Amino acid sequence: MSSRILWIKNASQLATLASGVKGPRSKSDMSELGLIENGSLLIKGNKILAAASAGEIEKKYAAILKDAEIIDASGRLVTPGLIDPHTHAAYGGGREQEFEMRLEGASYMDIMNSGGGIHATARMTREASEEELLEQTAVRLDSFLAHGVTTVEGKSGYGMELETELKQLRTMKKLNEQHHVDIVPTFMGAHAVPPEYKGREDEFVDYIIEVMLPEVSAEKLAEFNDVFCEVGVYTPEQAERILEAGKKFGLLPKIHADEIESYGGAELAAKVGAVSAEHLLKASEAGIEAMAKAGTIACLLPATALYLREEAAKGRKMIDRGVPVAISTDCNPGSSPTTSMPLVMNLACILMRMTPAEALTAATYNAACAIRREDRIGSLEEGKQADIVLWNVKDYRELQYLFGVNHVHSVWKKGIKVVG
Ligand code: NIG
Ligand code: FE
């Protein structure tokens, strides 16, 4: 491993996110950004050696600074690479015609129930060759990186039959090796009910448990297991069976919960010990309480709420009640075709009344917790991966305040400059 020393100096603010609180943060802990004015960051090879004020670094590391390569941040904000903990980025095709249909009044679920929506993307993903799927997904990862995102979670779920599910997961595995953006894979066989199983949902659940999960696990293609628990899709009972079965294969549970209707998804997330519950637009009071008690992370997707013209999840209330909140794009071709985490941070503030500091924690440290990577990424601390973004702003609040513009100046992944 290279022992090259990089010295990023003259940051107007270095938002380290090193608050001392280990594990998912909530309440006032989400406001602690570990801000250092006039900060310096030392990187050795692919890891962070130190993050501190200019004075401290110059005093403590004088001996090695003389050989360091200097990056002058010139009064810019420096943060950890953003993390997107919920994407469906490995898909084929697009659904721009459905965008128009929805503007004319069709609902997301109507379109899906008449064979479009997730089913349409499943057809396009099945038809795409491995090379095509890889190329299309790589373009999206390039865009994530250009917006300051250095790690994403990625879900399967556009197969709903074994071969395409495996194709999606293998594509993510390849891209994880080839692309600068790290991808953390999630199996989501239960993303919709395949048409041929309509009315026989339990049989498809058996198929997922008896056929798909063992294959995915044998090839070590996923770390998490997710289910779309929704009225007309999978019931809480079916979701529980799939998530419990996944645990036996070492897959950690996640749930698409209470997105369209209140359906007990938040309660189920707490019950099965899910790492996170996603969406939660319609989560019940009892569900929020249960998640706070269990320490379940709420992964909130305000861009999806905006795109579906729905009221966003109650992010403010969840944080105040002690639920740790992460945020994500939900990047997918139907309900949120975006790769911009900075936009999502803005929407977290505007639509969910989160503060800029909370939004930054939700897009970095808590996002790392939602994919169980907080030991490696999500904050700028000694020994962690050198995933760093320099922004063309001075104050961290400008990231959320000056919206709709890409403020990325440069991005460093594992100590290597990959953007800018
Ligand atoms: O998280 N709700 C289910 N799944 C995705 C949408 C997938 C799609 O429409 O293609 C979501 O919003
Ligand atoms: Fe999703």
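Quantities reported herein were computed from a predicted structural model and do not represent experimental measurements.

Thresholds, definitions, all that
Residues numbered from 1 in each chain as written. Chains lettered and ligands numbered in written order. Predicted model: local features only at pLDDT ≥ 70, side-chain atom pairs only at ≥ 80, totals over all residues. Heavy atoms only, no water. Near = heavy atom within 4 Å. Polar contact = N/O pair within 3.5 Å; in protein donor to acceptor, adjacent residues only side chain to side chain. Areas by Shrake-Rupley, 256 points an atom, 1.4 Å probe, with all protein chains shown as cover. Nonpolar A, V, L, I, M, F, W, Y, C, P; charged D, E, K, R; others polar. Core = buried A, V, L, I, M, F, W, Y, C linked by side-chain atoms within 4.5 Å. Buried < 20%, exposed > 50% of the residue type's maximum accessible area, 1.4 Å probe, protein only. Contact = heavy atoms within 4.5 Å. UniProt positions renumbered as here; feature names shortened; annotations may be inferred. Helix = DSSP H or I, 4+ residues; strand = E, 2+ residues; numbered from the N terminus. Pairing = 2+ DSSP bridges. Right-handed = clockwise from strand over helix to strand, strands pointing away.

Peer 1: Residues and numbers for the site of ligand 1, please.
Peer 2: Around ligand 1, 16 residues are found, and the nearest of them are Arg95, Tyr108, Tyr158, Glu259 and Ser335. At a separation of 2.6 Å, an oxygen atom of ligand 1 approaches a polar side-chain atom of Tyr158. The contact in question runs from an oxygen atom of ligand 1 to an N or O atom on the side chain of Asp330, over 2.9 Å. Taking 330 Å² as the accessible area of ligand 1 by itself, protein coverage stands at 100%. Split into classes, the residues belonging to the shell around ligand 1 amount to five nonpolar, eight polar and three charged.

Peer 1: Now, about the nonpolar core: what can you tell me, with residues and values included?
Peer 2: Judged by nonpolar contacts, the single largest core of 108 residues is most densely connected at Leu280 and Ile327. If near-sequence neighbours (up to four positions away) are discounted, Ile327 is found in contact with Ile83, Pro85, Leu300, Met341, Val344, Met345, Ala348, Met352, Met354, Ala359, Ala362 and Ala363.

Peer 1: Tell me about the UniProt feature "binding site: Zn(2+)" (unreviewed entry) in the protein chain, residues and numbers included.
Peer 2: Mapped onto this numbering, the UniProt entry gives "binding site: Zn(2+)" (unreviewed entry) at His86, His88, His256 and Asp330. Spanning 245 residues, the named residues nonetheless gather at one spot, since no C-alpha pair among them exceeds 12.1 Å. For His86, the location among the structural elements is in the loop between β6 (82–84) and α3 (96–103). With relative accessibility at 0%, the residue His86 sits in the buried group. Excluding residues within four positions of it along the chain, His86 makes contact with Glu153, Lys155, His256, Glu278, His279, Cys299, Leu301, Ser328, Thr329, Asp330 and Cys331. Take Asp330: it is sitting in the loop between β13 (325–327) and α14 (341–352).

Peer 1: Describe the pairing of strand β11 (residues 276–279), listing the residues and the values that go with them.
Peer 2: Of the strand pairs in this sheet, strand β10 (residues 252–257) and β11 are connected by four bridges, and their pairing is parallel. Residue pairing for β11: Ile255 is matched across the bridge by Ala277. This β-α-β element, β10 to helix α10 (residues 265–272) to β11, shows right-handed connectivity. Examined bridge by bridge, β11 and strand β12 (residues 297–300) share three bridges and lie parallel to one another. Residue Glu278 lies in a different strand from β12, and its bridge partner there is Cys299. Taken together, β11, helix α11 (residues 285–294) and β12 form a β-α-β motif whose crossover is right-handed.

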